[in-house]
Amino acid sequence: MRILLAEDDLLLGDGLRAGLRQLGFQVDWVRDGLAAEREIAAGAYQAAVLDLGLPHKDGLEVLQALRAQSQHPHSGTDRPRCRARPDSRTESGR
């Protein structure tokens with residue numbers, strides 16, 4: 001499975017990429033939201049891990065653009081529906 005990782009923190013991104021690769025995933029890593037959008041438009045990804053605080057365009061904006069595009073049946077793309085779930089640890093302050 002090919003996954004796009006969009007994370008601007010070098011230490012966190014490196015750890016996520018290494019962990020995903022150990023699990024057998026092919027990982028492409030970008031460091032800002034505009035690059036994530038370009039890669040998703042050009043590549044064949046089955047999943048994306050989006051940092052919510054990306055530079056240039058945050059992860060939620062990237063996700064919203066993907067959702068809007070996936071709802072237009074004549075857009076020429078075959079994209080799965082996208083879902084986001086906030087991390088419960090973030091909400092509870094832990």
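The structure this text deals with has already been given above.
Please read all numbers here as calculations on a predicted model, not as lab measurements. (Residues numbered from 1 in each chain as written. Predicted model: local features only at pLDDT ≥ 70, side-chain atom pairs only at ≥ 80, totals over all residues. Heavy atoms only, no water.)

Peer 1: Mind showing me how you'd approach the overall build of the protein here?
Peer 2: Along the backbone of the protein there are 4 helices and 3 strands. Long-range pairs, those at least 24 residues apart, make up 48% of the contacts in the protein with a sequence separation of at least 6. Summing over all exposed atoms, the protein offers an accessible surface of approximately 6,600 Å²; the carbon and sulfur share of this is 50%. (Helix = DSSP H or I, 4+ residues; strand = E, 2+ residues; numbered from the N terminus. Contact = heavy atoms within 4.5 Å. Areas by Shrake-Rupley, 256 points an atom, 1.4 Å probe, with all protein chains shown as cover.)

Peer 1: Explain unusual backbone geometry to me, please; I cannot follow it from the model alone.
Peer 2: Only a minority of non-glycine residues have a phi that is not negative, and only a minority of peptide bonds are not trans. One non-glycine residue, H56, lies in positive phi territory at about 70 degrees. Structurally, the position occupied by H56 is in the loop between β3 (47-50) and α3 (59-70). Overall, the relative accessible area of 65% leaves H56 in the exposed class. (Buried < 20%, exposed > 50% of the residue type's maximum accessible area, 1.4 Å probe, protein only.)

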